[in-house]
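Architecture at a glance
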Number of protein chains: 2
Amino acid sequence: MEYRFSDKLAALKPSAIREIFKSLTDPSIIAFAAGNPAAETFPIDEMAEISREIYADMAVTALQYGTTEGYMPLRRAIADRQRAKFGIGKTAEDGLGFADTTVIVSGGNQGIELACKAFCNEGDSVVCEDPSFIGALNSFRSNGAVTLGVPLREDGIDTAALEELLKREKRAKLLYLIPTFQNPSGITSTLENRKKVYEIALRYGVMIIEDNPYGELRFAGTDVPTYKSFDTEGIVIYCSSFSKILSSGMRVGYLTAPEEVIQKIVVAKQVEDVHTNMFFQILCHRYMTERDFEGHIADVRAVYRRKCGLMLDCLDRNMPAGVSFTRPEGGLFIWCTLPESVDMNDYVKRCLERKVALVPGSAFTPVIGAPCNSVRMSYSTATDAQIAEGCRVIGEVAREMIGD
Amino acid sequence: MEYRFSDKLAALKPSAIREIFKSLTDPSIIAFAAGNPAAETFPIDEMAEISREIYADMAVTALQYGTTEGYMPLRRAIADRQRAKFGIGKTAEDGLGFADTTVIVSGGNQGIELACKAFCNEGDSVVCEDPSFIGALNSFRSNGAVTLGVPLREDGIDTAALEELLKREKRAKLLYLIPTFQNPSGITSTLENRKKVYEIALRYGVMIIEDNPYGELRFAGTDVPTYKSFDTEGIVIYCSSFSKILSSGMRVGYLTAPEEVIQKIVVAKQVEDVHTNMFFQILCHRYMTERDFEGHIADVRAVYRRKCGLMLDCLDRNMPAGVSFTRPEGGLFIWCTLPESVDMNDYVKRCLERKVALVPGSAFTPVIGAPCNSVRMSYSTATDAQIAEGCRVIGEVAREMIGD
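Residues numbered from 1 in each chain as written. Chains lettered and ligands numbered in written order. Predicted model: local features only at pLDDT ≥ 70, side-chain atom pairs only at ≥ 80, totals over all residues. Heavy atoms only, no water.

Further remarks concern the overall build of chain A. Summing up its helical and strand segments, chain A has 13 helices and 14 strands in all. The principal-axis extent of the C-alpha atoms belonging to chain A is close to 60 × 55 × 55 Å. A separation of at least 24 residues holds for 77% of the contacts in chain A among residues at least 6 apart in sequence. Entry remark: accessible area of chain A is about 14,000 Å², with carbon and sulfur atoms responsible for 51%. (Helix = DSSP H or I, 4+ residues; strand = E, 2+ residues; numbered from the N terminus. Contact = heavy atoms within 4.5 Å. Areas by Shrake-Rupley, 256 points an atom, 1.4 Å probe, with all protein chains shown as cover.)

This part covers the sheet that holds strand S3 (residues 125–130) of chain B. Residues and elements named next belong to chain B. If you trace the 8 strands from one edge of the open sheet to the other, you get S2-S9-S8-S7-S6-S3-S4-S5, paired in mixed fashion. Each of the sheet's edge strands pairs with one partner strand only, and the pair in question is strand S2 (100–105) and strand S5 (156–157). Alignment of S2 against strand S9 (residues 253–258), held across 6 bridges, turns out to be antiparallel. For Val-105, the partnering residue across the bridge sits in S9 and is Gly-253. Against the sheet, helix H7 (residues 159–168) contacts S3, strand S4 (146–153), S5 and strand S6 (172–177), and its axis sits at roughly 155° relative to S4. (Pairing = 2+ DSSP bridges. Axes fitted to C-alpha atoms, helices over the stretch in contact; angles between N-to-C directions.)

Moving on: the pairing of strand S3 (residues 125–130) of chain A. All names here are of chain A. Among the 6 residues of S3, 5 are classified as buried, and the element is accordingly described as predominantly covered. Regarding the hand of the β-α-β motif, the stretch spanning S3, helix H6 (residues 134–142) and strand S4 (residues 146–153) is right-handed. Pairing of S3 with strand S6 (residues 172–177), which is carried by 4 bridges, proceeds in the parallel orientation. Across the sheet, residue Cys-128 finds its bridge partner in S6, namely Tyr-176. (Buried < 20%, exposed > 50% of the residue type's maximum accessible area, 1.4 Å probe, protein only. Right-handed = clockwise from strand over helix to strand, strands pointing away.)

Another point: the packing of aromatic side chains. This structure, assessed with the given rule, holds 30 aromatic pairs over all chains. Geometrically, the ring pair formed by Tyr3(A) and Phe5(A) is tilted, given 5.8 Å between the ring centres and 35° between the ring planes. Overall, Tyr3(A) belongs to the buried group, its relative accessible area being 11%. Between Phe119(A) and Tyr3(B) the ring centres are 6.4 Å apart and the planes differ by 75°, which places this aromatic pair in the edge-to-face class. Here Phe119(A) is found in helix H5 (residues 108–119), whereas its partner Tyr3(B) is found in the segment before helix H1 (16–23) on a different chain. One exposure class covers both Phe119(A) and Tyr3(B), and it is buried. (Phe/Tyr/Trp six-rings, centres within 6.5 Å; stacked < 30°, edge-to-face > 60°.)

Moving on, we come to the confidence of the model for chain A. Residue-level pLDDT values for chain A average 95, and 98% of them are 70 or greater. Across the interface, the model reports ipTM at 0.96; the global pTM reads 0.97. (pLDDT = per-residue confidence, 0-100.)

On to a negative patch on the surface, then. Together, Asp7(A), Glu122(A), Asp7(B) and Glu122(B) line one region of the surface with negative charge. Within the secondary structure layout, Glu122(A) lies in the loop between H5 and S3. (Patch = residues over 30% accessible without salt bridge, like charges linked within 9 Å, V, L, I, M, F, W, Y side chains within 5 Å. Salt bridge = Lys/Arg side-chain N within 4 Å of Asp/Glu carboxyl O. Lys, Arg positive; Asp, Glu negative; His and termini not counted. Charge placed at Lys NZ, Arg CZ, Asp CG, Glu CD.)

To continue, consider the sheet that holds S3(A). Residue and element names in this part refer to chain A. Here 8 strands make up an open sheet; going across it, the order is S2-S9-S8-S7-S6-S3-S4-S5 and the pairing mixed. Bordering the open sheet on either side are strand S2 (100–105) and strand S5 (156–157), each of which pairs with just one other strand. Across the sheet, H5 lies against S2, S3, S6, strand S7 (207–211), strand S8 (236–241) and strand S9 (253–258), angled at about 155° from S8, the strand it touches most. Packed onto the sheet, helix H7 (residues 159–168) meets S3, S4, S5 and S6 and runs at close to 155° relative to S4.

Attention now goes to the nonpolar core. Soluble globular proteins tend to bury their nonpolar side chains together. Counting residues in each nonpolar core, the largest one holds 272 residues, and the members touching the most others are Phe242(A), Phe280(A), Tyr347(A), Phe242(B), Phe280(B) and Tyr347(B). Ignoring any residue separated from it by four or fewer positions in sequence, one finds Tyr347(B) in contact with Met319(B), Leu338(B), Val342(B), Leu358(B), Val375(B), Ile394(B), Val397(B), Ala398(B) and Met401(B). (Core = buried A, V, L, I, M, F, W, Y, C linked by side-chain atoms within 4.5 Å.)

We now examine helix H13 (residues 384–403) of chain B. Residue and element names in this part refer to chain B. With 20 residues, H13 extends 29 Å between its outermost C-alpha atoms, agreeing within 8% with the 28 Å of an ideal straight helix rising 1.5 Å per residue. For H13, every residue scored as buried is listed here: Ile-387, Gly-390, Cys-391, Val-393, Ile-394, Gly-395, Val-397, Ala-398 and Met-401. Its buried side turned inward, H13 meets strand S1 (30–31), helix H11 (293–318), helix H12 (344–353), strand S12 (356–357) and strand S14 (374–378). (Expected span 1.5 Å × (residues − 1).)

Moving on to the relation of the copies chain B and chain A. The transform that puts chain B on chain A rotates by 180° and translates by 0.0 Å along the axis, for an RMSD of 0.0 Å. Taken together, the rotation and translation relating the two chain copies correspond to the operation of a two-fold axis. Most of the interface of chain B is mirrored in chain A, where 100% of its interface residues again form contacts. (Least-squares fit on C-alpha atoms with pLDDT ≥ 70 in both.)

Quick look at the side chain of Asn109(B) now. Here Asn109(B) lies in helix H5 (residues 108–119). The exposure class assigned to Asn109(B) is buried, which follows from its relative accessible area of 7%. Engagement of the side chain of Asn109(B) in a polar contact is seen with the side chain of Ser139(B), the distance being 2.9 Å. When near neighbours in sequence (up to four residues on either side) are disregarded, Asn109(B) contacts Gln270(A), Val271(A), Glu272(A), Val274(A), Phe133(B), Gly135(B), Ala136(B) and Ser139(B). (Polar contact = N/O pair within 3.5 Å; in protein donor to acceptor, adjacent residues only side chain to side chain.)

So, on to the interface of chain B and chain A. The interface is formed by 77 residues belonging to chain B together with 77 residues belonging to chain A. Carbon and sulfur atoms make up 57% of the surface buried where chain B meets chain A, a total of about 6,700 Å² over both sides. For the pair chain B and chain A, the interface holds 2 salt bridges. For the salt bridge of Glu113(B) with Lys117(A), the shortest nitrogen-to-oxygen distance reads 3.5 Å. Considering only residue class, the side of chain B that touches chain A consists of 36 nonpolar, 24 polar and 17 charged. (Buried area = accessible area lost by both parts, 1.4 Å probe. Nonpolar A, V, L, I, M, F, W, Y, C, P; charged D, E, K, R; others polar.)

This is the structure in structure tokens:
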């Protein structure tokens with residue numbers, strides 16, 4: 001049988017990165033490649049307790065079909081908290097001519113994918129930071145959208161290049177940004193950059209997808225306001241999730257956008273998975289409202305503060321001159337850039353041979369196959385000893401190859 | 001802000017049916033409209049026990065990211081059981097030139113949607129039974145596919161009309177069938193019909209999506225072999241789920257198809273929700289392998305046998321001449337057809353005014369807006385008293401309107 005597959009998935013071949021991820025099941029490999037949260041951040045005992053309570057007093061609701069929009073008490077709890085704490089979400093009382101609504105999705109990635117489905121016809125384009133999150137890039141491609149990149153600088157996306165691109169790219173529908181502790185770079189854009197980008201997006205009639213899965217994980221510096229918090233025109237679709245603060249395996253995320261946009265997204269979600277796992281929606285609600293949610297997030301932050309600090313120390317000690325790396329103030333990732341003389345596929349391969357898994361930066365380029373001289377490193381799941389040993393190895397390989 | 005939404009969701013406006021579903025939250029309404037399983041079929045105590053065990057011995061795996069393909073022990077348990085029990089799934093040893101694989105999806109609907117995404121470009125068509133499952137129809141439309149209908153007869157889809165359609169429809173890529181206890185009609189197609197349909201699909205190079213969420217719910221008659229069980233050419237994508245036998249709210253389904261097809265589907269799933277809720281995948285596995293799964297399914301069947309029998313008795317007693325209805329041997333639905341003189345929107349509206357919710361058949365037509373003189377009724381969630389009272393009401397309204 002010769003299968004006649006659709007064109008839109010053709011660009012999504014299982015890639016080199018997949019092979020690296022397969023190696024992560026080998027316990028002898030030091031996993032700097034994974035984006036998994038640290039297992040010690042899962043509040044297992046409390047989740048077990050809440051689960052017992054749900055079976056005791058709400059089992060049928062938790063096991064029966066729910067609405068596509070999500071479990072209403074959870075939607076309200078998220079909306080209330082993010083409004084109070086981060087200024088996210090406008091109401092009719094704000095008098096801006098629109099009101100934001102929050103709905104539940106099956107992990108942050110689904111929110112991004114649905115936003116694309118709601119806006120992009122085949123051949124429309126999504127403008128992304130270069131580098132950007134591979135999962136989002138593939139979500140856009142799977143909808144037949146073209147992913148275009150604009151260089152990401154230390155203060156955020158390059159605004160001159162962004163405007164240049166939007167001027168000539170008539171089919172740009174969406175601007176996809178991870179402004180805080182970006183994946184893969186760890187960069188947080190400045191407020192000045194954000195204001196400028198917002199103004200450009202508005203001027204060119206492009207919607208912003210603000211992906212913020214790591215925003216709660218700040219362990220240094222001070223919060224920068226989200227795009228959504230100053231979205232007076234209703235052009236920002238805000239995506240976040242519980243994956244990095246409670247559990248990634250439960251697949252519970254959320255999305256805040258103007259009601260009219262949410263209606264489209266709900267229709268799109270309904271035909272994908274009808275609704276998100278009800279049991280864990282209820283669990284998230286109870287965790288947020290009946291447990292020390294803020295205290296738990298502070299604990300999670302402390303875990304990553306320590307791990308990130310350790311990895312930066314080890315990189316400082318082990319990396320030769322000519323190698324630079326970002327110093328994130330939160331999130332899970334460090335972006336490490338080698339001299340252009342180094343063949344990065346070879347670098348990643350040699351590191352893996354010595355039992356350290358890294359993700360080559362080329363996995364994150366909006367234009368498939370574009371060159372990239374960086375690697376993404378995560379400090380989230382490796383032990384302290386592994387971080388020290390892994391940095392020693394990758395520094396050694398870097399020295400060898402720069403010397404080559 | 002004037003939002004420029006994509007075209008492919010334009011056909012998916014919130015419909016009349018949505019309004020009916022909203023009314024289902026009103027406890028004074030008799031819910032013949034819902035497709036929800038009966039809450040008494042959820043094995044709550046056992047699920048609570050297994051959940052405790054998972055937190056005790058496997059919490060990190062259950063709460064951490066998993067693979068897109070799904071939890072391997074569950075995949076194996078499903079594949080082994082359905083091969084042994086229903087002859088579903090070919091292996092390399094069968095010598096057919098392909099091997100089937102089973103992957104986990106977030107409910108049966110996601111499997112159907114992913115199958116469409118893997119095969120259909122915009123403008124391609126999916127041939128469906130008329131009537132067919134609204135969720136699937138909308139999944140196809142959301143991928144930019146055109147849904148075409150072929151009349152469903154008492155023995156299955158009309159094979160002459162199917163061949164006629166495929167002869168002229170060059171862009172047909174998929175044939176979507178719910179051969180057993182069909183939603184909405186309750187019809188089970190005969191083996192003769194299935195063999196004929198398979199031969200036609202093969203001849204015209206069209207893949208079959210066999211949607212079988214109700215197959216385990218047979219309470220009368222004898223099993224008819226699934227398409228997948230005699231799929232010697234690798235053209236059948238088999239979708240099913242735990243929604244009707246364990247819990248619908250957990251969103252765990254599965255999909256069996258040739259490895260080459262599954263690879264595409266996994267890529268498509270990865271960009272939607274990365275993977276299905278891990279905790280409940282593990283729970284399903286333990287339920288299947290450590291509890292009396294077959295005994296539980298027998299219990300579920302008994303619930304629906306009784307409820308369906310009661311509703312058929314009540315319809316026999318209350319429906320006037322000129323009204324016909326299917327007599328399903330399993331599943332959740334009865335399809336009730338009124339004389340053409342009756343305005344069906346009006347009928348459904350009058351019934352709802354008297355507190356009985358039905359789904360108008362027009363919701364299930366592959367061609368949007370096609371006329372349909374039937375309603376879908378479910379006996380799954382109403383109490384015995386509600387089934388009696390509801391049938392009395394809808395019979396009364398039918399008599400009034402036929403007499404009108």
